Amino acid sequence: MRKPASTLRGRALPVAGVVLALLAGWYLAALVGNWNGAADALARAGAAPGAADIAAATMAQERPVVPAPHQVLSELSRSIVGVPLGSKRSLVYHAWVTLSATLAGFAIGALLGIALAVAIVHLRSVEASLMPWIVASQTVPILAVAPIIIVALGAAGLTGLLPKAVIAAYLCFFPVTVGMVKGLNAPDRIQRDLMRTYSASRGQILARLRWPAALPYLFASLKIAVAASLVGTIVAELPTGAQAGLGARLLAGSYYGQTIQIWAALFAAAALSALLVQGIGLAEGAANRALGTRPAGNAPGSTR
């Protein structure tokens, strides 16, 4: 059913207002952050700049402290559209390198998280022994873990995509594990007892009761996990001195003081993360349609 135009306007206007407020704040930050540098540059050039001249210069610096929005958009356009896709100057190329490791790590982490959750739910000994370690693993900063993993795997002859995928999996398995433990335990005890009265095995209870009840928890945790996987991949690209990937793009920008390049890479990473989360959302919708379940926002009596 098509939503009424008034509803769409009611949702679009607040979003547009927030976007405009963020852009105004961003331009103000660029003006304040670049003011001293622009004034010094004009003074060294022998000019006697006024406030308007300095303000204009803050928006066109080659290496600004805070790039203006139009500078970041220009860099995104140049590095996405203005160069061949296979070029090492292309953000699409770097995004693909990061995406490949992200998806590999996400697959490893998601499968590991689901397997751990199934074991925790069915075996009390596993829950008592593993769950504290799973929680404790996330208290170690990934910046400290990443070099250790990369060096250890490199000593074993494993380089390239796999070390980055392992670090991505390290970050993304945790939300999947926690979410699936909650989801697999979602059915009431009376429902599980009823299945046992039918002489259902553990596998049948898992497949026909626990798993359908856990699907909403699974997709919610996968959205968090895929974003964490992308972060892990970018972090893994920093200590390796990688020549490709968004992390390598950030590192190169920091070496040469190219703040516009850094911000463009950050926005590319944010856009890639949003696309991945949206992909999980589409998969969730497809699963709901295949199972004949009703999305939460379309429940009878819902005001959405």
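What counts and how
Residues numbered from 1 in each chain as written. Predicted model: local features only at pLDDT ≥ 70, side-chain atom pairs only at ≥ 80, totals over all residues. Heavy atoms only, no water. Salt bridge = Lys/Arg side-chain N within 4 Å of Asp/Glu carboxyl O. Helix = DSSP H or I, 4+ residues; strand = E, 2+ residues; numbered from the N terminus. Buried < 20%, exposed > 50% of the residue type's maximum accessible area, 1.4 Å probe, protein only. UniProt positions renumbered as here; feature names shortened; annotations may be inferred. Axes fitted to C-alpha atoms, helices over the stretch in contact; angles between N-to-C directions. Parallel < 35°, antiparallel > 145°, perpendicular 65-115°, else oblique. Left-handed = near helix turned anticlockwise from the far one by under 90°. Contact = heavy atoms within 4.5 Å. Core = buried A, V, L, I, M, F, W, Y, C linked by side-chain atoms within 4.5 Å. Patch = residues over 30% accessible without salt bridge, like charges linked within 9 Å, V, L, I, M, F, W, Y side chains within 5 Å. Areas by Shrake-Rupley, 256 points an atom, 1.4 Å probe, with all protein chains shown as cover. Nonpolar A, V, L, I, M, F, W, Y, C, P; charged D, E, K, R; others polar. Phe/Tyr/Trp six-rings, centres within 6.5 Å; stacked < 30°, edge-to-face > 60°.

Inspection of the entire model under this criterion finds 5 salt bridges. For the salt bridge of Glu237 with Lys164, the shortest nitrogen-to-oxygen distance reads 3.4 Å. Of this pair, Glu237 sits in helix H9 (residues 202-237) while Lys164 sits in helix H7 (residues 161-184), and the two are 73 residues apart along the sequence. Take Lys164: its relative accessible area is 10%, and that puts it in the buried class. One connected set of salt bridges, linked through shared partners, spans Glu75, Arg78 and Arg249.

Our next topic: the UniProt feature "transmembrane region" (unreviewed entry) in the protein. The sites that carry the UniProt feature "transmembrane region" (unreviewed entry) are, in the present numbering, residues 12-32, 93-121, 133-155, 167-186, 214-235 and 255-277. With 100% helix and 0% strand, residues 93-121 has end C-alpha atoms that lie 42 Å from one another. Strand forms 0% of residues 167-186 and helix 90%; the C-alpha atoms that close the span are 30 Å apart.

On to the packing of helix H8 (residues 189-197) against H9. In the contact formed by H8 and H9, the axes pass within 11 Å of each other and the chain directions differ by 140 degrees. As judged from the angle between their axes, H8 and H9 are oblique. When you trace H8 past H9, the crossing you get is right-handed. Of the residues in H9, those in contact with Gln191, Arg192, Met195 and Arg196 of H8 are Gln204, Ile205, Arg208, Leu209 and Arg210.

We now examine the nonpolar core. Core analysis: the biggest nonpolar cluster contains 42 residues, and Phe106, Val176, Met180, Leu218, Leu222 and Leu246 have the highest contact counts within it. Leaving out residues up to four positions away in the same chain, Val176 has contacts with Ala110, Gly113, Ile114, Leu218, Ser221, Leu222 and Ala225. One finds Val145, Ile167, Tyr170 and Ala236 within the second-largest nonpolar core, a separate group that totals 12 residues.

Here the focus is a nonpolar patch on the surface. A contiguous nonpolar patch, built from Val15, Val19, Leu20, Leu23 and Tyr27 and spanning about 430 Å² of accessible area, is present on the exposed surface. In this structure, Leu20 sits in helix H1 (residues 5-44). Given the relative accessible area of 57%, Leu20 is considered exposed.

It is at 7 Å that the axes of helix H4 (residues 91-122) and H9 come closest, and there the two elements cross at 145 degrees. Crossing geometry of H4 relative to H9 is assigned as right-handed. Here the contact of H4 with H9 is composed, by residue class, of 15 nonpolar, 6 polar and 3 charged.

Relative to the helices and strands, Thr102 resides in helix H4. With sequence-adjacent residues up to four places away left out, Thr102 is seen in contact with Val226, Ser229, Leu230, Thr233 and Leu276.

The subject of this paragraph is the packing of aromatic side chains. Under the definition given, this model contains 2 aromatic pairs. Measuring from centroid to centroid gives 5.5 Å for Trp26 and Trp263, while their planes differ by 25 degrees, and the two rings are stacked. Placement of Trp26 in helix H1 and of Trp263 in helix H11 (residues 259-291) is noted, with a sequence separation of 237 residues between them. A residue is classified by how much of its surface remains accessible, and Trp26, at 15% relative accessible area, is buried.

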